[in-house]
Amino acid sequence: MRKARFEWDAGKDAKNQRKHEVSFSMAQLAFADPDRVIAEDLAHSETEKRYFCFGKVGQGILTVRFTYRGGVIRIFGAGYWRKGKAIYEHENQIHQ
């Protein structure tokens, strides 16, 4: 199995850390959760498809906003948001 590749803008990472206290390097861990949920962000997929990854990191459910370009996951936002936690719990309840 091939390991996923990640990238991000350093300025957006720093801004995200200040605003949401989550680094994009930590956000990568959400993708390692075997129960993660991937959903398309229909509201913001105008010029390219955007996605959410909802995955358990530490004691919480992390929501990661990303695109997939040329085999690389490009992270542009991450945080511990209630809506992401509710989606994660709902989807995992259905599939158990």
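Structural data are supplied above this passage.
Here we summarise the structure given alongside this text. (Residues numbered from 1 in each chain as written. Predicted model: local features only at pLDDT ≥ 70, side-chain atom pairs only at ≥ 80, totals over all residues. Heavy atoms only, no water.)

### Considerations on the pairing of strand β4 (residues 60-69)
Selection criterion: Each residue is placed in one exposure class: buried if its accessible area under a 1.4 Å probe, protein chains only, is under 20% of its type's maximum, exposed if it is over 50%, and partly exposed if it falls in between. We count a stretch as a helix when DSSP gives it H or I for four or more residues in a row; a strand needs E for two or more, and each element gets its number in order from the N terminus. A pair of strands is treated as paired once DSSP finds two or more bridges between them.
For β4, a buried count of seven out of 10 residues is recorded, marking the element as mostly surrounded by other parts of the structure. Note that strand β3 (residues 51-57) and β4 share seven bridges and pair antiparallel. Its bridge partner being in β4, Gly55 is matched across the sheet by Leu62. Hairpin geometry of β3 and β4 is characterised by an intervening segment of two residues between the two adjacent antiparallel strands and by a positive phi of about 65° at Gly58. Where β4 and strand β5 (residues 72-79) come together, seven bridges link them in antiparallel fashion. Within β5, the residue paired with Thr63 across the bridge is Gly79. In this structure, the hairpin formed by β4 and β5 is closed by a connection of two residues, where Gly70 is found at a positive phi of approximately 55°.

### So, the environment of Gly71
Mapped onto the elements, Gly71 comes out in the loop between β4 and β5. Taking relative accessible area as the criterion, Gly71 reaches 33% and is therefore assigned partly exposed.

### Focus on the side chain of Thr67
Going by this rule: Two residues qualify as a contact provided that any one of their heavy atoms is within 4.5 Å of a heavy atom in the partner residue.
The topology assignment puts Thr67 in strand β4. Filtering out sequence-adjacent residues up to four positions away, Thr67 remains in contact with Glu48, Lys49, Arg50, Val72, Ile73, Arg74 and Phe76.

### Observations regarding the pairing of β5
A large share of β5 lies buried, amounting to seven of its eight residues. As defined by bridge partners, strand β1 (residues 5-7) adjoins β5 across three bridges and the pair is classed as parallel. Note that in β5 the partner of Phe6 across the bridge is Ile73.

### Brief notes about the nonpolar core
For the record, the criterion: Definition of nonpolar core: a set of buried residues of the types Ala, Val, Leu, Ile, Met, Phe, Trp, Tyr and Cys, connected through side-chain atoms within 4.5 Å.
By size, the foremost hydrophobic cluster in this structure holds 13 residues, and its most contacted members are Leu62 and Val64. For this core, the elements supplying multiple residues, two or more each, are α2 (24-27), β3, β4 and β5. Leave out the neighbours within four places in its chain, and Leu62 touches Val22, Met26, Ala27, Ala30, Cys53, Phe54, Gly55, Val57, Ala78, Gly79 and Tyr80.

### Some remarks on the pattern of salt bridges
Defined as follows: In the sections that follow, a salt bridge refers to a side-chain nitrogen of Lys or Arg positioned within 4 Å of a carboxyl oxygen of Asp or Glu.
For the structure shown, the criterion picks out three salt bridges. In this structure, the salt-bridge partner of Arg74 is Glu7, at a minimum N-O distance of 3.2 Å. Pair noted here: Arg74 is in strand β5 and Glu7 is in strand β1, with a separation of 67 residues, a long-range link. In this structure Arg74 comes out as partly exposed when scored by relative accessible area, which is 22%. Taking relative accessible area as the criterion, Glu7 reaches 33% and is therefore assigned partly exposed. Two residues, Glu48 and Arg69, come together in a salt bridge whose shortest N-O distance is 2.7 Å.

These figures capture arrangement, not role.
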